[in-house]
Amino acid sequence: GKKKRPGCTTAAEVWTGPGTTCKVKAAAETRYELTVLAHNAVGHGAPSPPLLVTTPASQATPVAPKAPMALGAPHVTMKGSHVTASWLAPKDAVPPARLFHLEVACSRDGKVVETYSGAATMREITTLAPGQSYTLRVAAQNDVGQGPWSTPAHATIKPAAEKKVKTPPLAPRELELEKASKTSLRVRWLPGEDAEEGAVAPPVSYKLEVAEGSGSYEAAYTGTDTQFTIMKLKPSQRYRVRVHAFNKAGASPPCEHEALRTLTPVDRRWHRTLGYIFTSLIIIIIMYWLLIAE
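Residues numbered from 1 in each chain as written. Predicted model: local features only at pLDDT ≥ 70, side-chain atom pairs only at ≥ 80, totals over all residues. Heavy atoms only, no water.

Draft legend 1. Looking closely at a nonpolar patch on the surface. A cluster of nonpolar side chains, contributed by Leu 274, Ile 277, Leu 281, Ile 284, Ile 285, Tyr 288, Trp 289 and Ile 292, occupies part of the molecular surface with about 860 Å² of accessible area. Within the fold, Ile 284 resides in helix α1 (residues 268-293). On the basis of relative accessible area, Ile 284 is assigned to the exposed category, the value being 52%. (Patch = residues over 30% accessible without salt bridge, like charges linked within 9 Å, V, L, I, M, F, W, Y side chains within 5 Å. Areas by Shrake-Rupley, 256 points an atom, 1.4 Å probe, with all protein chains shown as cover. Salt bridge = Lys/Arg side-chain N within 4 Å of Asp/Glu carboxyl O. Helix = DSSP H or I, 4+ residues; strand = E, 2+ residues; numbered from the N terminus. Buried < 20%, exposed > 50% of the residue type's maximum accessible area, 1.4 Å probe, protein only.)

Below is the structure:
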């Protein structure tokens, strides 16, 4: 078979073979004139009547869309703990992108915390936690399929503003002796009771002070526990104890106990003397009964 373009003066041979059908490679939007010649061992016969053919315009093969273009990643703006992500639809997707997928993940462990699928090219996220960092990525989808994910964007939510404490905590309550020995006193207390819950900032620490007799107070403990054992005290001695609660606004009024006393040690000499007396009485009683029996 031969083909030629309009304006060509010569024909080009494009196929030779024993069959009666063939497939010819042709350019788009081009008019061709095709003729067929038969031949045998003697030579070629006369050409067939020409067949005029015009090829149609080329059709692009649909492809999945590319990732949206916006700084190579979603464009992120932040206001407080609210994050707004926006992106541009790909221009070379055929057919056009009709759906977008947004994925928000925690940077620390990669856990996805927010997703979005829709036709919009902007999304506001309001569920992110203060003090955490996140990655955001987006992908576009058309009738063929989903394109690749974009380069991730990053967003860090500022920590929540710390509430200013203006009022010291209430005084601790129910300061009492839990256990006493000759050289120690174990005391405990409760936090101040807030009549209207949340009206006063709670304590963050306590300070325990102790005074011997009518002497001055000295610090014995600072911490968060609500019990403490005061060590290295004198036996049979009266002590005064008080506790203050603290927060960022300052100290509470004290909770005091004026009459705590260590135990009095037992004199072991009296134990020995009483033992001798008791033993002597037993011996005398036994001898008396022996005399009577005789």
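Draft legend 2. Quick look at the pattern of salt bridges. A full pass over the atoms with the stated rule returns 11 salt bridges. The shortest N-O distance in the salt bridge between Glu 178 and Arg 188 comes to 3.2 Å. Taken together, the residues span a long stretch of sequence, with Glu 178 in strand β12 (residues 173-180) and Arg 188 in strand β13 (residues 185-190) at a distance of 10 residues. Assessed through its relative accessible area of 35%, Glu 178 is described here as partly exposed. The exposure class assigned to Arg 188 is partly exposed, which follows from its relative accessible area of 37%. Of the charged contacts in the structure, one is a salt bridge between Arg 242 and Glu 209, with a shortest N-O distance of 2.6 Å. In this pair, Arg 242 is assigned in strand β17 (residues 238-247) and Glu 209 in strand β14 (residues 205-212), connecting sequence segments 33 residues apart. Among the residues examined, Arg 242 registers a relative accessible area of 22% and is labelled partly exposed. Here the residues in one salt-bridge network are Glu 176, Glu 178, Arg 186 and Arg 188, joined through shared partners.

Draft legend 3. Region of the structure containing the sheet that holds strand β5 (residues 75-79). Pairing in this open sheet of three strands is antiparallel, and the strands run β5-β6-β9 from one edge to the other. Each edge of the open sheet is held by one strand with a lone partner, namely β5 and β9 (122-125). On average, each strand axis in the sheet is tilted by 20° relative to the strand beside it, whichever way the strands run. Note: β5 against strand β6 (residues 82-86), five bridges, orientation antiparallel. Its bridge partner being in β6, Thr 77 is matched across the sheet by Thr 84. (Pairing = 2+ DSSP bridges. Axes fitted to C-alpha atoms, helices over the stretch in contact; angles between N-to-C directions.)

Draft legend 4. Just the environment of Asp 225, in detail. When you line up the elements, Asp 225 lands in the loop between β15 (218-223) and β16 (227-230). Under the relative-accessibility criterion, Asp 225 is labelled partly exposed at 44%. In sequence terms Asp 225 and Val 204 are 21 residues apart; their C-alpha atoms lie 9.9 Å from each other. Setting aside anything within four residues of it in sequence, one finds Asp 225 in contact with Trp 189 and Tyr 206. (Contact = heavy atoms within 4.5 Å.)

Draft legend 5. Just the pairing of β14, in detail. A large share of β14 lies buried, amounting to six of its eight residues. Across eight bridges, β14 lies against β17 in antiparallel orientation. By the bridge assignment for β17, Ala 211 is matched with Arg 240. The pairing of β14 with β15 spans five bridges and is antiparallel. Across the sheet, the residue bridging to Leu 208 is Tyr 221, located in β15. The turn linking β14 back onto β15 is made up of five residues, and Gly 213 within it adopts a positive phi angle of 60°.

Draft legend 6. Seen up close, the sheet that holds strand β10 (residues 133-141). Spatial strand order, β8-β7-β10-β11: four strands in an open sheet with antiparallel pairing. Edge positions in the sheet fall to β8 (112-118) and β11 (153-156), since each of these pairs with one other strand and no more. On average, each strand axis in the sheet is inclined to that of its neighbour by 20°, with strand direction left out of account. Across eight bridges, the pairing between strand β7 (residues 99-106) and β10 is antiparallel. Looking across to β10, one finds that Glu 103 is bridged to Arg 137.

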